[in-house]
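Examination of the molecular architecture
So you can see what is in the structure, the chains are spelled out below.
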Amino acid sequence: IDEIFGINNTTVNLPAEKFNTGEGLSTDRNTEKSQFILNSKEQLYTELRDKNFNAVGAVLSRMAKSIRSRANENHGEKSIQELKKFVESLPHIKSNEQSLATHTTIAELVQDVISSHAFLDVLGCEQEFLLCSDVDKPNSFIEDMIAKEAPIRNVLRLICMQSIAGSGLKPKVLDYYKRELVQVYGLKTLLTLGNLEKAGLLRQQTGSRTYHVLRKTLNLTAETPEEVSPKDITYVHSIYAPLSVRIVEQHLKPNGWQLLTEKLSSLPGPTFEDFQASPSLSSRRGSFTSEMSQSDIPRVIVVFFIGGCTFAEVSALRFLAQQDENNVEFVICTTKLINKNTFLDSFIEA
């Protein structure tokens, strides 16, 4: 939803004509948009928000059957008390019906986009890069996009993904892309390319293959993805586990941070470890009843993303917290919630 329509402070604006009057919280007459609040107060959204899209249909279908069975109950043999309870539940049933209708329509809007050839072609190219396929030569799909004058943001994202997957681009390949981009999109493109190079998203290839090594050592990609009943965080991107969350997952294991030291040294930026004594915490834990052993108390871990994080990373962290063996609660802090579009927009010169 965020990638296609954009979520701003838990609010999304969607085409009003797709929804019945009253489903949206408000309608903008000028732009014909319905506004929806997406947060955990809505039971159905809480269940749907962290799932791979291919698992959404089953949840919607199950809820539809549940609502239908409640509405079709035989009330002839019910007592007065049972009928009273049913009548009291009618507003809740009505609310669930409206929620189901809203999210079914949203799912249809998303399906229209992700089933298109344009989306699937881009997705295929992205997945090839993540699997380190053909990262050392100009990509024919990217060449076609430039020739068709596709939105420059979409082109740059794929070039940056190729650069990261290959730990940089070969000088000839990088120069070729730059020349093609300038010829099609104009000289101003050089300013954007300069911003991407400063950030390390676009650079010349060096001897080390950082991503290739990390993909193997941290199991960043899955050859047989499980999207509907996932057992690993790779489900959030179908085949790819967010590197940031994989690092957090490793940290949960015994001596996990120490085992990560060598792997983290290949990533840009410094790493450090610091310890703080916390006598107040130990005294507070000592006050729990004997029935609650310390091992039953979940660890609370604050994960802070500087520069922004995606909803997929949030979903992956929630998935880790749901695993009983981890016994952990995450508090997620970030300077901004980003997606593939808003992230690149910060580099593109107007």
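Our structure is the block above this text.
In this report, we go over the structure that sits alongside the text.

Cut-off values and rules
- Residues numbered from 1 in each chain as written.
- Predicted model: local features only at pLDDT ≥ 70, side-chain atom pairs only at ≥ 80, totals over all residues.
- Heavy atoms only, no water.
- Salt bridge = Lys/Arg side-chain N within 4 Å of Asp/Glu carboxyl O.
- Helix = DSSP H or I, 4+ residues; strand = E, 2+ residues; numbered from the N terminus.
- Buried < 20%, exposed > 50% of the residue type's maximum accessible area, 1.4 Å probe, protein only.
- Core = buried A, V, L, I, M, F, W, Y, C linked by side-chain atoms within 4.5 Å.
- Domains from an automatic or database assignment.
- Contact = heavy atoms within 4.5 Å.
- Phe/Tyr/Trp six-rings, centres within 6.5 Å; stacked < 30°, edge-to-face > 60°.
- Pairing = 2+ DSSP bridges.
- Right-handed = clockwise from strand over helix to strand, strands pointing away.

Overview of the pattern of salt bridges
Applying the stated criterion to the full structure yields 12 salt bridges. The salt bridge involving Arg62 is made with Glu47; its shortest N-O contact spans 2.2 Å. With Arg62 in helix H3 (residues 56-71) and Glu47 in helix H2 (residues 43-48), the pair connects residues that are 15 residues apart, well separated along the chain. Under the relative-accessibility criterion, Arg62 is labelled partly exposed at 48%. Put simply, Lys231 and Glu226 hold a salt bridge, and the shortest N to O gap is 3.3 Å. Classification of Glu226 by relative accessible area gives partly exposed; the value is 41%. In this structure, a network of salt bridges that share partners links the residues Arg49, Asp50 and Arg318.

Looking at the nonpolar core
Counting 38 residues, the largest nonpolar core has Ile142, Val155, Ile159, Leu181 and Leu196 as its most contacted members. Breaking this core down by element, the ones donating at least two residues are helix H5 (117-130), helix H6 (140-147), helix H7 (152-165), helix H8 (171-185), helix H9 (189-198), helix H10 (210-217), helix H11 (243-252) and helix H12 (256-264). Here the element with the most residues in this core is H7; it accounts for 6 residues. Residues lining this core come from more than one domain, with at least three contributed by each of domain 2 (118-207) and domain 3 (228-267 + 299-338). With near-sequence residues (within four places) excluded, Leu196 lies in contact with Leu156, Cys160, Leu201, Leu202, Leu344 and Phe347. Formed by 19 residues, the second largest nonpolar core is a distinct cluster that contains Val236, Leu252, Phe305 and Cys309.

Remarks on the packing of aromatic side chains
This structure, assessed with the given rule, holds 4 aromatic pairs. Residues Phe19 and Phe36 carry aromatic rings whose centres are separated by 4.6 Å and whose planes lie at 50° to one another, so their mutual orientation is tilted. Of this pair, Phe19 sits in the loop between strand E2 (11-15) and strand E3 (26-28) while Phe36 is found in strand E4 (residues 33-37), placing the two residues 17 residues apart along the sequence. As far as the burial class goes, Phe19 and Phe36 line up, both buried. Here Phe343 and Phe347 contribute two aromatic rings whose centre-to-centre distance is 5.3 Å and whose plane-to-plane angle is 75°, an arrangement assigned as edge-to-face. Overall, Phe343 belongs to the partly exposed group, its relative accessible area being 34%.

A closer look at the pairing of strand E5 (residues 299-305)
With 7 bridges joining them, E5 and strand E6 (residues 328-334) adopt parallel strand pairing. Counted as the bridge partner of Val300 is Glu329 from E6. The parallel pair E5 and E6, bridged by helix H14 (residues 311-322), forms a crossover whose chirality is right-handed.

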